[in-house]
Structures are given as structure tokens and as C-alpha cells.
Amino acid sequence: MFAWSKRGNYNHEYHHKQSKYVVKEYSSSKAMEERYEHKTQARIQEVVRTKMADKYVREEPMIRGPKFLVRLRSHTVFENTPVKLFCTVEGFPMPVVKWYKDGVILNMSSEEYLIEAKSGIHTLEIPRCSTDDTAQYTAMAGNLHGQTSTQASVIVKRYKQEEASCPYAWLPFTAAMLPKIHYTKINITFVDKFGPVFSSEGGSASLTATMTLNPNLANLQPEAQWYRDETRLFDSKWVKIETGRGVTTLSIPNLYKDDEGLYTLRMVTKGGTAVHSAFVSVADGPPPVPNAPGAPMDIKIHDANRDYVIVSWKPPNTTTEGPILGYFVDKCEVGTENWTQCNDHPIKICKYPVSGLFEGHSYHFRVRAVNSHGISKPSRMSDPIAALDPTEFERLQAKKLGGKLDVISYHVDIEDKGKPPGSPSGICASEIDRTYVVLSWKAPAYSSKAPMWYYIEKSMADSDAWQRVNTQVPIRSPRYAAFDLAEGKVYKFRVLSANIYGTSEPSQPTGPIQTLELKGVPSAPGQVIATRETDTSVLIQWAPPKEPNNLIGYYIDQCVKGSKDWTSANHKPRKDARFVVSGLTKGETYVFRVQAINEIGLSDESQESAPLTVKAALTTPSAAYDIALLNCDGHSMVLNWKKPLHSGGANVKDYYVDKRRSGTSVWRETHLPPITERVYKVEGLTDGAVYQFQVYAANLAGLGPASKHSADFTCKAWTMPEPGPAYDLTFCEVRDNSMVVEWKKPVYTGSGPVSGYHVEYAKKGTSDWTTANEKAVSHRFLKVTSLEAGSSYVFRVRGVNAAGVGMASMPSDPVPAKAVSGSQEVSCVVDAKSGDIVLSFESCQMNDGSKFIWKKDYKEITDFSKGLVIKTEGSQSKLIFKNPDKEDFGTFSVSVTNTTGVSSSYSISSEELVKMLALSYDIRHPVIPLKSELAYKILERGRVRFWLQAEEISSNVTYRFFANNKELSGADPNKMGHDVPTGVIEFIMDRFSEESEGTFTCQITDGGGKAQSSLVLIGNAFKAALAEADYQRREYIRVKEGPHFSEFLSLQIGEDCSVTLVCKVANLKKESEFHWYREDTEIIPDVKPDLGSGVCKLPIKLFSLKTAGLYKATISDDRGKDMSQIDISGKVFDDAINKINQLAGASAAELVINCTATGIQLQCHMKYYTSEMNITWYHGETKLSHSDKAVIGGTPAMATMEVIEPLEKDKGMYSIIITGPENSHKRTLDLSGDVYEKAFAEFQKLKAEAYAEKNRGKVVGGLPDVVTIMEKKTLSLTCTVCGDPKPQVSWLKNGADVEPDDQYVISLDQGKFASLTIKGVMMEDSGRYTMIVQNKYGGESVDIVVSVYRHGEKIPEAKPTLTPKTIIPPKLPIEMPQPKIQAAPTPAPAAQSSTPPKAAPGRGVKSPTPSRRK
């Protein structure tokens, strides 16, 4: 039983771990005393395991097979003492454990054995051992995913007896008692292997291998071990492994670049290992933003402590993205989804210390890369790591309490009151970086209950000025990282220990410790060499960089030669200076380059490799085989053998034959120069001797292995009358139920010529031979039918002569009766154009060096003198009979070399050939098809063109025209011709008259083809044609003899959107007159027509519907008159407007704002504007129409749209679309925000100014500029004024106010009739009088010059002032009346005063104005 006790906590500010005790009851016997020390250590280890289990967070259980964490241990005990076997197993679901004794399951019904299971810990206890309990014990754990076992031996001794009496006594105490095993050799053959995988982040991958075991023993199944780049993989949340029944599968459900690498499957048995590997490529997934970098990878956690960890990673490749600017490190507490960024600014080095962690909490970490385009996706998160003191468990100790109890506790739990701790010792740097150093030291002996902590001090190496590193947080662990150090500086450190009673003396300082300096990225790798590997992969090797600078690995880029489109060959750094690039295109040429990386970044690219075309590497051929004897004459033998199954990528050109006497071991060459054929006559043999032979094959790569030696051949002359064996059996046209066999005739013919052959076949593995043809065939090929689909057969051939059936050939290799996937058959057609007979074949396979071989009756066609042509393009080949004849029947076959037997044939019978020859003749001697029959057209001068059009004519075409069976001549003045591209043939008759009535015919001959077409012109049809010819003749005379329009009126639109009527006149003289008319009204242009140039133009100003109408132009003289007219309306007008739309739209400027007193006006300046143009205004998506709210219009220079009295709802995006015939032009303006506010303010200002201008005080009329009056007369200056509110009027004389009195009378009647009356004017009254009319919106002043003269004097000439009227601006701000808002009915308000508000007086204003005097 286990007993746990807890002690109380200290009540002070420092955290102190609770002491934990593990109490165990044990026997006080002497035997148990001997085991006490061992059990004490075991209990300490158990506490350590318990504590360490808290360091890592247990995530959700994952499906996995059983695994023993603690295996059984062997024990040696004395008789009548207890023994207990322990093991610990994990798995999900929780495995079930069964116990076995010497392979027999234990009987648990008796009380001899006690079994206990708790939380994966299983025990088997024997309370009282006897010698019968000496055995091998096995614990077998299993769940639905598999099973595993652990074994141990128990040896029970008698007291004071020799140990040799026990069969297991010789074993050491800790050895498992296993009998000697004689391993069984298990042969593993992979049936289906996994190949390379090319995927990207976020995808999935599954690698499956199927195998056969021989022998397949249920209790000796091999172990499947999966590796990634030599790192063993186990079932986890990242990787799923399933194995059983000859199949093992590794699945990666969610790929990261960390998963890229060479995956190796090792099937491990006691007798050996079967291995298979393939590369898994994981490319970057789609970035969050375009051209953002790929995610970092391989996140590692270093030096985890109470409050910090150090995170490192590997940088991504940047083949097409911009350079990496830095990285962000994120953390997330386990159990949450809250990721927080650890660094404020990107860090450029791939290592970062994360501090500020909470002790005892577990975290995940991830990293993101940054470049100028954005931030990458995050890397795969790290495994959970706990912020704990890694040396915490080193401070456990065991203490014996006496009796049957021992205690395991921390050193700090043992009381030693009142003393400070001793000095630490052994301080050293366990890790040195650029800005931090990880220090570790040995804690002093300490036995106080008070907690102890440490202080670290640093100093420059050449100084004794010590500075404390940790001023905020006490260090509880004898390991700490000192951060914030300078790069390349030399420091020394020392440590002090402390508790509540004081601080120790400093430890001895370290020696000089220099932080690292940033050396930069590695130098570029050296020469890159690419060599062939397979037909889809290339081996890349390179020289390491001369300056590695803490090299992490390499990135390899690939590019198709000449494209400059570089892509990454690997997405995870490779450490070796060699790499196999997979997934390449066979036959394509590539170049490669390499970059080295370290924690700072990527080096420059290496030089590009030499271009390399992807092909399989050349190897030596495999061995020849099946050596056969074809003939023997007593002193020589004729041998034949089968060519190697694998050529090694090059043609096998040479063979070497060795011989030896049977029973000897020395081989001798039979020839010096190599032989090229597989039939060889070995000379100089001894009659009656027995020989063996072997053959070597050679290609460009070298000499292949020797063949298996032949059977014993006796050199004895052949005398049998039957033929010898045929040889070189080949197969083609393999289908599911048939195939064609070919062979070569026997070398030894027997007593007479070979007259035929029999073909025999048998299923693979049997000796039941079946003759395919009961009647011998004379030719050396045969189509064997009635085969069983999918079965494999072997064949042999026997020759026949007059003496009988001869020897059988060497059996062929097994041939499966299965058609090549995608295979097609030869087709036979007669070409519809040429009449050639064409045999065509499309190959389903094409490889390097593949060629089409055509045969007739299975003999290669080599004679092409009779018009046979072979035409091959890509995967299609044609056998063309240019000159077919009645002898071209037979079986025509085609085969494709360097394929898996692609071939086919077609048999042309004599009957089918006759039909094809007839069809060929018809095609080669056709009736020429016509697109159009013979027709006519009247030309100028009254000439007639007769023409027809054929489907196709050649340059050798001939033709004749007839009229009423009389051939027409093509000589002048007639014309005759043809056009090959169009197939048009024509005849132009110069003189068409009444005698031409009748039938016209055209006869055509082109090669072997002929055609004829006729046209009947009689009666009304002829009369109409003749009338048209006469008209054209007269019209020609008119044009040639008088003034006329050579080009009639047309409407031209200039690039500046100007519209001009243009025409051309010809045959003019000096007296010729030209006139323009519109709707029969003559137009007198600003510029007279230029008759000298013959070009007349009439500009149409401000082109619109108003200028549309019927325009005419006339040219005349004494020889006659000609007229041209154009109706500018309908389509003509629309076409002109469309052209203007196109030109004006292209010239349209951006929208601008022009505020008015009525609203906000949007203007679009362009070359020309008229309301008929296809122009549309939009507010947002709403089309605007002309209304009181939106006034649409413009001037000839711009289009406008004014928003009247704009409101908040009128804000938004405005656009104008000018639609042309080909495209549209759009201009937009966002009338919102500051733009709207400024425009609205300007509108309000203009509105107020306009309102003020409308309502200010004004002089409507009545005042003269100059007044001359005789002395003593009465002068009355009277005028009408207006304004709202009613203006005030004042008068000045020479700038001074006019004070009303008996002489000067000032009046203002009804607020609009103002007057100044001067009674009895005197000479002094002469001068400049000014009337000022003004209200709150401004006004004006009017000057009147008054000149007084005496009676009898000459009336003086008075001159008015230069500015008789001056405008008085309004007072600011201008107050405008608010719009009346209809309010809800309310009680009648109190009567308001009718007195208008008092206006501010203006210059010289008297208020109130006195009334007119009576």
C-alpha cells in the first residue's frame, strides 16, 4: 500500500513547494534488507516519473496499439519468500493484459497468484514461492490495434543449496530467462509499393505497402518500422500507422512542410530487414496575401525553465517571394485557443528566447514569417512544453525511518534552522548565443526548511564591477539564462545563494565567456552537378559553402531550360550535399541551383548546373538466357539464345560466347571480336565431347552478367531426317483471347525442305501441350485463338518436312493473354480527296526511340518503288498506297518498338480491294462541284460579266464559254479569267446587244474532273438585262462628257467632333457653278467651294437635331447639271452621333464640381456635347433623368448635371457614361465627405449672394446722369427704388449728407418712390449728388451731376461721372429666411407688432425718412 502525507506551506512571499512523501511498507527480513537499497532507488524513480508526467500536458487520447513503458524484470528469490513482477503499459483503448507461465496461461482460480491492475500498472505476485514457480513469465498486452509482450524469469532457490541445481541459475540477476531461439528466415516480397507523393500544406498523404511473407507464421509476424529521414515515426496526432494482414499504411491527415522528407518502411524480422523508400514533397499552401512567404518549420523548444523557453525554427524557401524581413513568435497556453504574439518587432534570427511564462503552465509555440508583401501562415505548433525547473527532481533523497517505513523527500524539507546557505559551485555556460548565455551550477548542500534562491551577477571580463542580472524575480533553479547581452563581448559571471537568513558568499566566477557575433548568411554553395537517376528524377550534388556559418541545410530550385520559371524542389532544408529531385517530366531539360541557409537566412544562389535532360541512367544489360542448340555437324555447333530482358537503357549491340567441357570449371572464349547476332556457329569442337556454353551481353554502359550456362550439349552430328528446331519466337497483336506468333525457320532442315509448321501452346506451369493448327502452315506466323483471357501461355514451334514433324523449339517465355491497356486497331479508308488507300494506326504508348514497323504478311516492308509511303506524326502512323493495284491484298501489320507490345494488323481481301479501287477511281476522277451556277452582272459601259464559282479548282484548270453553241473568244475587247483561291471563273462580254439573246454555257476541266453550267437569257429576262446595259452605257457617257460628282455627298466626322459635308466634283470648267441647299433653301457658306481641287466641304456648326434635314449640292455649266443629296436623319444622323459619342467619350475629362446659386453642378469637359448624344448620368446605381431636382444639360464644350438644393441623401458616387458604338467611357466622382462639405458650403455662399443680389436696394430708373438747370428754378430728382425688405434712401452732395430743410425736401413714398427736391436752386447748388439705396442685403449709389447756370448764360456742358453707379455689398453673414415648416395647430399666438425691424442705417442714412412736405 502507498501512503501519501503533505506538510504545511510557509507563510511568506516566496513560493515553496509542498513536501511529498512516499511511504512504503516492506519486510524486515534479511532478504528484504538486501533489496532495500534497490527498492529505495525504484521509489525515487517512481516519484520522478510522477513529477515528470506533470511536465507535459496529456492531450486527448489517441488511437494507438499497446506499448510497455516499464517492462518485466527477472528475479532470483529463496523458497517460501514472496516475489512481485511489475510492468506498465499504455495504449488506447486501454490494453488488456494476460499472464503466461512458460507459454501457458496462468490459472487464476487458485490463490497461488495475485494479479492487480491499476491505471496501466500491472502486477503479478507469488505470495509464497516454491521451486515449481521457477519459470519464464510473460505479460501479453493487447487491444483492437495490436498486441505486444514482455518476459522475465523467476528463479526460486533452496537455502544453502548449490545454484547449479537450477536450470536458470547461470543467468545474471537482471537477464530475462529466454531459451535459445533458432530464428526462422522469413522472406518478405513487396507486392505494391508506395511511390513519391507531391502535395501541399493542408492536404493529406497516405503511404501503403502490400507484401507477402514466406513462410507466413501467425506468431512470427514482422515489425513495420516507419522512418522520416532516419527518424523513427510512431503513432501520434500527426501520423497514423496501421499494420496487419500483409499491409502497412502510414497516413498523414494534415500535411505541413515539417512532414516533407524521405519516408522509409523497414519490415524487421529476426532473419533480416526488407526496405522501401519514397520521397514526400509538401509545397507551401496558398498564402494569406499574394506573394507572402511560406510558413517556417521544424519548431524546437530548448532550455525550458520556470519562466522562459528558447524557441528555434528553420526558415522557408523564397524562390519566387521577396526576402524574409523577420519572424513573429506566438504562444498559446495549453487548453485555450488564445494565441498571443511574443515579440513586438520582427526578429531576423531563427531563434528567440520567450520569457514571462507562468511556472507550472504548459504552452504551445508557433512562428510566422514576414516580408514586404505580408505575413505568412503560421507554422505547425510545437509540442506542449511546461515551464518547470528541470533540476527539480535532482534534489530528492531517501531517508529510512526505521521499522518498515522509508521516506522520499526534497533536500529542502529537512530542517536546519537559522543559517544562510553555502556558496554555489561549478558555474559554467551550457549554451552561448549572441545576446544570451545559459548558466548552470551545482547547488550547495542545504538542509533548511526555509526556501533558497539564487542571484546572478555579471561583469565585463576586464572589470570587477559586478552587476546583478535578476533584480525582479528570485531564481529557484540552479540553471538560468542571462539575457540582454551585447554581441561579441566578453563577460564573466558568478552566483550567490540566499534564504531568509542571509546571502552566501559569491561563487568562483566563470572564466571569460564571449557571446557570439552575427557572421551573416552562409556563402553560396559551390558547383552543382546533375546526373541521371530515373526517367522522372535527377540526382543533384554540390560543393558545400566555404563559409557555412552554422549551416542548417540547403534549398534546391529547378527550372525548365530557357523558361526562367524557378520552382522549389524541396520545401524543407536538406542537410546532405546531395538530393534526388523527383516528379520531373521525362524528356524535359532542366537546370538546377542551390541555396544554403542558417538561422539568419538564405545565401546567394549557386551557379546554375549544366542543363540535363531527364532520362533513366544507363546500366549494363541483364543476362541473356535460354541457350538452345540449332544444329551440330560433329565438329561445330550452331547456338541461339534469348536477348536480355532489360537492355539497361541502351541497345544491346554485342554478345560474347564462352565454352567449357562439361565437368570442368574453366571457361574459354570462343571468339575474339564480339558478335552482333544471336545465332553463332562455334567451330573447332571435338566429336563426341560434351560442352556447356554461357553468353555475355554488352551495351554502351559495359558488359552485363554471364547467362546461366546451357544444358550439356554433345558434339555429335545430326542425321535425323526431320527438321531441327525453329527459334526466335516473338509475339504481337496480343489480345484477351488471341495473339500472333512469329518465328524463324530451322537451321537444320533434315532430309528435305521444310514444308510447314505446327504451333503448340500450354498454360504456364503445365505440360499439357495443345496444337493450335492441325494443318501445317507454310508461312512463319500464326494467329492463335481461343485463349483464356488473363491466363499466361508458353509456345513452341515444330517444323514439318516430307519425313515428318521435327524437333520442338525452345519454349517461349510465358505470355499473358491480355490486351495492352488503351490499344487500338488499324483502320483502313480511302482518302476522300486524294483517292489513296490509307492504313492508319494510333499508338497508345510512345517512348524514347519508339518506331513504327509496318509489315506485309509479317515481313517488313522495304520496297517503296510502287508508290507505298509511310507517314508518321507523333503517335500516329499511316501506310499510304499512292498507286494501289489488284496485287495489294494481304495482312498488313504494324508494331511499335520500345513499348509493352503495342501492335495491330488489318487483312485486305481481294474482294474488299476491288471495292476500294473503284472508290479510289471515283475520287480521282470527280465531277467538279460548283458553289454557284453560271450568272451574269451588268458592269459600267454596258458590259456584261458571266461568272460561276467552283468548290475548288487548281492552277491547271481549263474552261470555255459558249453563246448559242458558238464558242466565245476571250480576246480584246472581251476578257476571260479565273481565281484559284476563290474558284471563280468569269467571261466579260464587251458588247451586249439584241443579238445576244439565247443560252450561255461554261465548260470546265480540272485534272480528271469536269463540270458544265448554263444560263438562259430570253424574253423578259433578256429585255431587263439589255435595258440595264443600255442605262449603264448612257450613264458612262454622261459622266465622261459633263460636270458631275465623282464622289457623292457624305458626312464626315473630324477628330475634333466637327461635322462636315464633303463631295468631289470632276470634269469642270471655269464657268461651272456649285451651290449648297438645305430643305431647298440655299446655304451661303462662309468659305466658297474650292472647285480647283474638286473637293467641296460644308461645315455644319453645332451639329444636332436642329441641323438635321435634306442637304443638296449641285454642279452645273452650259454642258449640263449634276446633283447629289444626303438626308441627314434616321440612320445617317444616328451614325454621326455614335461617332461623336466615340470621339467625345475618349476625350472626356474627369468630373469636376462647379457650384451655383441653385445647387451643385458636375461638369465633364469634352470635345463636343449635344443633347442627342448617348450620355447617361448615375447616382450610385440609380439612373438620373432630367427633373426639377437633377437638371441635365450642357454646352458645346461640356456635359453638366446640377443637383438642385442638395440634401444629405444626395451624397454619394456620381458617374457619367458616354456610350459609343464600340465601347463606353465612364467618369466618376465621389460627392461625399470633405468634397461634399466644401461644395455644399460654396453653394450656400452663392445662394446667399444671389438672394442678396435679388433683394438688395436698387434704383429701378428715373434718375439722369447729368442735370442742367437755370438759377432760381426748382429741381426735382425723382426715381423708383426697390428691395426686400424695403430699402432706406439717403442723399449726399459732394460727399456730404444733405440735410432736409425748407430748400431741400427729401421724400420716400410707399417705400419705392424716392425724390430730392431743391427749391430755388442757386449757383452754389451745382455739384455731384449721390442717392444711396440700401437694405440689409446691400444696395447701390447713383451719382447725378447738377450744373446751375444764370439766366442769359450759355447752357454749360456737364459731363457725367466715370462710375455713375456703385454697388454696396451686403452685411455679412447674409441672413436668409428659413423655409416655413408647417407646425401642428396651436393656440393663436399673441398679436405681434406690425412695425418692421429696424434696419442698420447706411452711409448718410436718416432714419426714419421724413415724409414729403406739403
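On a predicted model such as this, the values are computed, not experimentally measured, just so you know.

Each helix and strand in the chain was counted, giving six helices and 102 strands. Summarising the internal contacts of the chain: among those between residues at least 6 apart in sequence, 65% fall at separations of at least 24.

With that out of the way, let us pick up the sheet that holds strand 13 (residues 197–200). Spatially, 13-20-19-15-16 is the arrangement adopted by the five strands of the open sheet, whose pairing is mixed. Each end of this open sheet is capped by a strand with a single partner; those strands are strand 13 and strand 16 (231–233). The sheet shows a mean angle of 30° between the axes of neighbouring strands, taken without regard to direction. In this sheet, strand 20 (residues 272–283) lies alongside strand 19 (residues 261–269) in antiparallel orientation, the contact comprising nine bridges. The residue of strand 20 that forms the bridge with G261 is V280.

Time to look at helix 6 (residues 1233–1255). Working note: α-helix, 3.6 residues per turn, so residues spaced by three or four point in the same direction. Helix length check: helix 6 (23 residues) gives 33 Å between terminal C-alpha atoms against 33 Å at 1.5 Å per residue, within 8%. Within the span of helix 6, buried status applies to Y1236, A1239, F1243, A1248, A1252 and N1255. On its buried side, helix 6 packs onto strand 85 (1152–1155), strand 86 (1159–1165), strand 92 (1224–1231) and strand 100 (1327–1335).

A separate point is the environment of V1342. As for its placement among the helices and strands, V1342 is situated in strand 101 (residues 1338–1349). By relative accessible area, V1342 is classed as buried at 7%. In sequence terms V1342 and W1291 are 51 residues apart; their C-alpha atoms lie 9.6 Å from each other. If we skip the residues at most four places from it in the chain, V1342 touches V1259, L1263, Y1329, T1330, M1331, P1364 and K1365.

This brings us to the pairing of strand 22 (residues 308–314). In terms of residue burial, strand 22 counts as a mostly covered element, since seven of its seven residues are buried. Taking every second residue as pointing to the same face, both faces of strand 22 are buried, with Y308, I310, S312 and K314 on one and V309, V311 and W313 on the other. As paired elements, strand 21 (residues 297–302) and strand 22 share four bridges and run antiparallel to each other. By the bridge assignment for strand 22, M297 is matched with K314. Hairpin connection of strand 21 to strand 22: five residues between the antiparallel strands, including D303 at a positive phi of 55°.

As a further point, take the side chain of D888. Secondary-structure assignment places D888 in the loop between strand 67 (876–881) and strand 68 (890–896). Although D888 is buried, it forms no salt bridge, and the closest oppositely charged side chain is K856 at an N-O distance of 4.7 Å. Of the polar contacts made by the side chain of D888, one reaches the backbone nitrogen of D885; its length is 3.1 Å. Ignoring sequence-local partners within four residues, the contact set of D888 consists of K856, F881, N883, I908 and L913.

The relation between two aromatic rings is expressed through the spacing of the ring centres and the mutual angle of the planes. With the rule as written, the count across this model stands at 33 aromatic pairs. With 6.0 Å between their ring centres and 80° between their planes, Y308 and Y480 make a pair best called edge-to-face. Taken together, the residues Y308 in strand 22 and Y480 in strand 35 (residues 479–482) connect sequence positions 172 residues apart. With respect to class, Y308 is no different from Y480; both count as buried. When the ring of W641 is compared with that of Y655, the centres are 5.6 Å apart and the planes differ by 65°; the resulting orientation is edge-to-face. Of the two residues, W641 sits in strand 47 (residues 637–642) while Y655 sits in strand 48 (residues 654–661), which places them 14 residues apart along the sequence. Each member of the pair, W641 as well as Y655, is classed as buried. A network of ring pairs unites the aromatic residues Y308, Y436, Y480 and F483 as a single cluster.

Moving on: the sheet that holds strand 18 (residues 247–252). The strand order 12-14-18-17 describes an open sheet built from four strands, whose pairing is antiparallel. Sheet topology places strand 12 (187–192) and strand 17 (240–244) at the edges, where each strand pairs with a single neighbour. In this sheet, adjacent strand axes meet at a mean angle of 20° when their direction is disregarded. Bridge count for strand 17 against strand 18 is five bridges, and the pairing is antiparallel. Note that in strand 18 the partner of E242 across the bridge is T249.

We now examine the side chain of K314. With respect to the helices, strands and loops of the structure, K314 is situated in strand 22. According to the relative accessible area criterion, K314 is buried, its value standing at 13%. Looking at K314, its side chain comes within polar contact range of the side chain of D298, at 3.1 Å. Setting aside chain neighbours within four positions, we find K314 in contact with P296, M297, D298, I552, P573 and K575.

As a further point, take the pattern of salt bridges. What the rule picks out here adds up to 52 salt bridges. Residue K1101 is joined to D1086 by a salt bridge in which the shortest nitrogen-to-oxygen separation is 3.0 Å. Taken together, the residues K1101 in the loop between strand 82 (1095–1100) and strand 83 (1109–1117) and D1086 in the loop between strand 81 (1081–1083) and strand 82 connect sequence positions 15 residues apart. Put simply, E1208 and K1211 hold a salt bridge, and the shortest N to O gap is 3.0 Å. Exposure remark for E1208: the relative accessible area of 56% places this residue in the exposed category. According to the relative accessible area criterion, K1211 is partly exposed, its value standing at 24%.

This brings us to the confidence of the model for the chain. On average, residues of the chain carry a pLDDT of 84, and 88% of them reach 70 or more. Segment residues 160–182 is flagged for pLDDT under 50; beyond a separation of four residues in sequence, or across chains, it makes 30 contacts in the model. Below pLDDT 50 for its whole length, residues 1383–1414 participates in 32 contacts with residues either more than four positions away or in separate chains.

What follows deals with unusual backbone geometry. For the bond from D1284 to P1285, the omega torsion is 0°, close enough to zero to count as cis. Turning to its location among the elements, P1285 is positioned in the loop between strand 95 (1275–1282) and strand 96 (1288–1293). Phi at S786 takes a positive value of approximately 60°, unusual for a residue other than glycine. For S786, a relative accessible area of 66% puts it in the exposed group. In the Ramachandran plot, N964 falls in the positive-phi region, its phi being about 50° despite a non-glycine side chain. Looking at the element boundaries, N964 is found in the loop between strand 72 (958–963) and strand 73 (966–967).

What follows concerns the pairing of strand 39 (residues 528–534). Inspection of the sheet shows strand 39 paired to strand 40 (residues 537–542) by six bridges, in the antiparallel sense. Bridge pairing links V528 to W542 in strand 40. Hairpin remark: strand 39 followed by strand 40, antiparallel, with two residues in the connecting loop.

Judged by nonpolar contacts, the single largest core of 51 residues is most densely connected at F1074, W1076, F1103, M1166, I1175 and W1177. Among the elements that make up this core, the one with the highest residue count is helix 5 (residues 1130–1147) (six residues). Membership of the second largest hydrophobic core comes to 27 residues, among which are I938, F961, M989 and A1011.

Attention shifts here to helix 5. An ideal rise of 1.5 Å per residue puts 26 Å on 18 residues; helix 5 measures up with 26 Å between its terminal C-alpha atoms. At its buried positions, helix 5 is contacted by strand 78 (1044–1053), strand 79 (1059–1066), strand 84 (1120–1128), strand 91 (1212–1219) and strand 92.

With respect to the helices and strands, K763 occurs in strand 56 (residues 756–763). Distance from K763 to P816, taken between C-alpha atoms, is 9.5 Å for residues 53 residues apart in sequence. With near-sequence residues (within four places) excluded, K763 lies in contact with E788, S791, S792 and Y793.

Of note, Y1329 is situated in strand 100. Along the chain, Y1329 and W1291 lie 38 residues apart, while their C-alpha atoms are 7.1 Å from each other. Not counting the four nearest positions on each side in its chain, Y1329 is found in contact with L1292, K1293, Y1304, L1316, I1318, V1342, D1343, I1344 and V1346. There is a polar contact of 2.7 Å between the side chain of Y1329 and the backbone oxygen of D1325.

Criteria and thresholds
- Residues numbered from 1 in each chain as written.
- Predicted model: local features only at pLDDT ≥ 70, side-chain atom pairs only at ≥ 80, totals over all residues.
- Heavy atoms only, no water.
- Helix = DSSP H or I, 4+ residues; strand = E, 2+ residues; numbered from the N terminus.
- Contact = heavy atoms within 4.5 Å.
- Pairing = 2+ DSSP bridges.
- Axes fitted to C-alpha atoms, helices over the stretch in contact; angles between N-to-C directions.
- Expected span 1.5 Å × (residues − 1).
- Buried < 20%, exposed > 50% of the residue type's maximum accessible area, 1.4 Å probe, protein only.
- Lys, Arg positive; Asp, Glu negative; His and termini not counted.
- Salt bridge = Lys/Arg side-chain N within 4 Å of Asp/Glu carboxyl O.
- Polar contact = N/O pair within 3.5 Å; in protein donor to acceptor, adjacent residues only side chain to side chain.
- Phe/Tyr/Trp six-rings, centres within 6.5 Å; stacked < 30°, edge-to-face > 60°.
- pLDDT = per-residue confidence, 0-100.
- Core = buried A, V, L, I, M, F, W, Y, C linked by side-chain atoms within 4.5 Å.

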